[in-house]
Amino acid sequence: MRRHISTGSPFEAQIGYSRAVVCDGWVFVAGTTGYDYATMTMPENVVDQCRNALGTIARALAEAGASLDDVVRVRYILPETADWPACWPVVGAAFATARPAATMISAALQEPEMKIEIEVTARLRG
(Lines give C-alpha, C1' and ligand atoms only; values in the text may rest on other atoms or scores of the structure.)
Protein backbone atom coordinates (compact mmCIF):
# COMPACT_ATOMS: atom_id res chain seq x y z
CA MET A 1 0.00 0.00 0.00
CA ARG A 2 1.22 3.49 -0.86
CA ARG A 3 0.46 6.67 1.10
CA HIS A 4 1.26 10.20 -0.04
CA ILE A 5 2.24 13.00 2.34
CA SER A 6 1.94 16.66 1.37
CA THR A 7 3.13 19.87 3.01
CA GLY A 8 0.49 21.80 1.13
CA SER A 9 3.18 23.55 -0.89
CA PRO A 10 1.87 24.89 -4.20
CA PHE A 11 4.93 23.32 -5.87
CA GLU A 12 3.68 19.81 -5.10
CA ALA A 13 0.47 20.33 -7.07
CA GLN A 14 2.08 22.38 -9.85
CA ILE A 15 4.95 19.97 -10.49
CA GLY A 16 3.12 16.74 -9.60
CA TYR A 17 4.96 15.22 -6.66
CA SER A 18 4.49 14.40 -2.98
CA ARG A 19 6.67 15.64 -0.15
CA ALA A 20 6.94 12.01 0.90
CA VAL A 21 5.69 8.59 -0.12
CA VAL A 22 5.29 5.76 2.38
CA CYS A 23 5.50 2.30 0.82
CA ASP A 24 6.34 -1.18 2.16
CA GLY A 25 7.92 0.07 5.39
CA TRP A 26 9.94 2.82 3.71
CA VAL A 27 9.53 6.59 3.68
CA PHE A 28 10.90 8.39 0.62
CA VAL A 29 11.11 12.16 1.16
CA ALA A 30 11.44 14.33 -1.93
CA GLY A 31 14.25 16.80 -2.36
CA THR A 32 13.41 19.58 0.07
CA THR A 33 14.68 23.14 -0.08
CA GLY A 34 14.76 25.81 2.61
CA TYR A 35 11.38 27.45 2.02
CA ASP A 36 9.34 28.43 5.03
CA TYR A 37 6.05 27.04 3.71
CA ALA A 38 3.99 29.04 6.22
CA THR A 39 5.19 32.31 4.69
CA MET A 40 6.50 31.02 1.33
CA THR A 41 9.76 32.85 1.96
CA MET A 42 13.32 31.66 1.49
CA PRO A 43 16.04 32.72 3.94
CA GLU A 44 19.17 34.16 2.35
CA ASN A 45 21.59 32.15 4.51
CA VAL A 46 22.45 28.55 3.58
CA VAL A 47 22.45 27.48 7.24
CA ASP A 48 18.93 28.82 7.77
CA GLN A 49 17.82 27.13 4.55
CA CYS A 50 19.37 23.87 5.79
CA ARG A 51 17.47 24.16 9.10
CA ASN A 52 14.19 24.88 7.30
CA ALA A 53 14.67 21.94 4.94
CA LEU A 54 15.38 19.58 7.82
CA GLY A 55 12.33 20.90 9.68
CA THR A 56 10.10 20.22 6.68
CA ILE A 57 11.63 16.76 6.33
CA ALA A 58 11.16 16.03 10.04
CA ARG A 59 7.48 17.00 9.86
CA ALA A 60 6.92 14.77 6.80
CA LEU A 61 8.67 11.88 8.54
CA ALA A 62 6.56 12.40 11.69
CA GLU A 63 3.38 12.26 9.62
CA ALA A 64 4.65 8.97 8.18
CA GLY A 65 5.37 7.58 11.67
CA ALA A 66 9.14 8.04 11.55
CA SER A 67 11.77 10.60 12.58
CA LEU A 68 15.18 11.85 11.53
CA ASP A 69 16.57 9.00 13.67
CA ASP A 70 15.07 6.53 11.17
CA VAL A 71 16.85 7.98 8.13
CA VAL A 72 19.11 5.48 6.37
CA ARG A 73 20.11 7.54 3.30
CA VAL A 74 20.52 11.29 2.80
CA ARG A 75 21.51 13.28 -0.28
CA TYR A 76 22.58 16.90 -0.07
CA ILE A 77 22.61 19.02 -3.22
CA LEU A 78 24.29 22.42 -3.15
CA PRO A 79 25.09 24.74 -6.06
CA GLU A 80 28.14 26.09 -4.19
CA THR A 81 30.42 23.51 -2.57
CA ALA A 82 31.94 26.28 -0.43
CA ASP A 83 28.57 26.53 1.41
CA TRP A 84 28.63 22.89 2.52
CA PRO A 85 30.97 23.13 5.58
CA ALA A 86 28.72 25.78 7.17
CA CYS A 87 25.91 23.18 7.19
CA TRP A 88 27.92 20.45 8.90
CA PRO A 89 26.97 21.38 12.48
CA VAL A 90 23.28 21.46 11.56
CA VAL A 91 23.23 18.15 9.68
CA GLY A 92 25.61 16.58 12.21
CA ALA A 93 23.17 17.36 15.03
CA ALA A 94 20.12 16.29 13.00
CA PHE A 95 21.61 12.91 12.11
CA ALA A 96 23.75 12.24 15.20
CA THR A 97 21.69 9.14 16.06
CA ALA A 98 20.83 7.85 12.59
CA ARG A 99 24.24 8.42 10.98
CA PRO A 100 22.79 7.62 7.53
CA ALA A 101 24.73 6.82 4.39
CA ALA A 102 25.22 10.25 2.81
CA THR A 103 26.16 11.90 -0.46
CA MET A 104 26.80 15.57 -1.24
CA ILE A 105 26.36 16.61 -4.86
CA SER A 106 27.13 19.99 -6.37
CA ALA A 107 24.50 20.97 -8.94
CA ALA A 108 22.30 23.89 -9.92
CA LEU A 109 18.92 24.02 -8.18
CA GLN A 110 15.57 25.13 -9.60
CA GLU A 111 15.75 28.75 -8.41
CA PRO A 112 18.83 30.94 -7.86
CA GLU A 113 17.89 31.71 -4.23
CA MET A 114 17.98 27.99 -3.36
CA LYS A 115 21.28 27.15 -1.67
CA ILE A 116 20.60 23.57 -0.51
CA GLU A 117 18.23 20.70 -1.24
CA ILE A 118 18.02 17.62 0.98
CA GLU A 119 16.48 14.24 0.10
CA VAL A 120 16.12 11.35 2.57
CA THR A 121 14.99 7.76 2.77
CA ALA A 122 13.88 6.35 6.13
CA ARG A 123 12.85 2.91 7.34
CA LEU A 124 9.78 2.61 9.55
CA ARG A 125 10.41 0.78 12.81
CA GLY A 126 8.61 -2.47 13.57
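See the structure shown above.
Residues numbered from 1 in each chain as written. Predicted model: local features only at pLDDT ≥ 70, side-chain atom pairs only at ≥ 80, totals over all residues. Heavy atoms only, no water.

**Looking at the environment of Ala94**
Summarising the element assignment, Ala94 is placed in helix 3 (residues 84-94). Along the chain, Ala94 and Leu54 lie 40 residues apart, while their C-alpha atoms are 7.7 Å from each other. (Helix = DSSP H or I, 4+ residues; strand = E, 2+ residues; numbered from the N terminus.)

**Remarks on the packing of helix 2 (residues 46-64) against helix 3**
Packing of helix 2 against helix 3 brings their axes to within 8 Å, and their N-to-C directions diverge by 20°. Classified by the angle their axes make, helix 2 and helix 3 are roughly parallel. You can see that helix 2 and helix 3 cross each other, and the crossing is right-handed. Of helix 3, the residues touching helix 2 (which contributes Val46, Val47, Cys50, Arg51 and Leu54) are Ala86, Cys87, Val90, Val91 and Ala94. Classifying every residue of the contact of helix 2 with helix 3 gives nine nonpolar, no polar and one charged. (Axes fitted to C-alpha atoms, helices over the stretch in contact; angles between N-to-C directions. Parallel < 35°, antiparallel > 145°, perpendicular 65-115°, else oblique. Left-handed = near helix turned anticlockwise from the far one by under 90°. Contact = heavy atoms within 4.5 Å. Nonpolar A, V, L, I, M, F, W, Y, C, P; charged D, E, K, R; others polar.)

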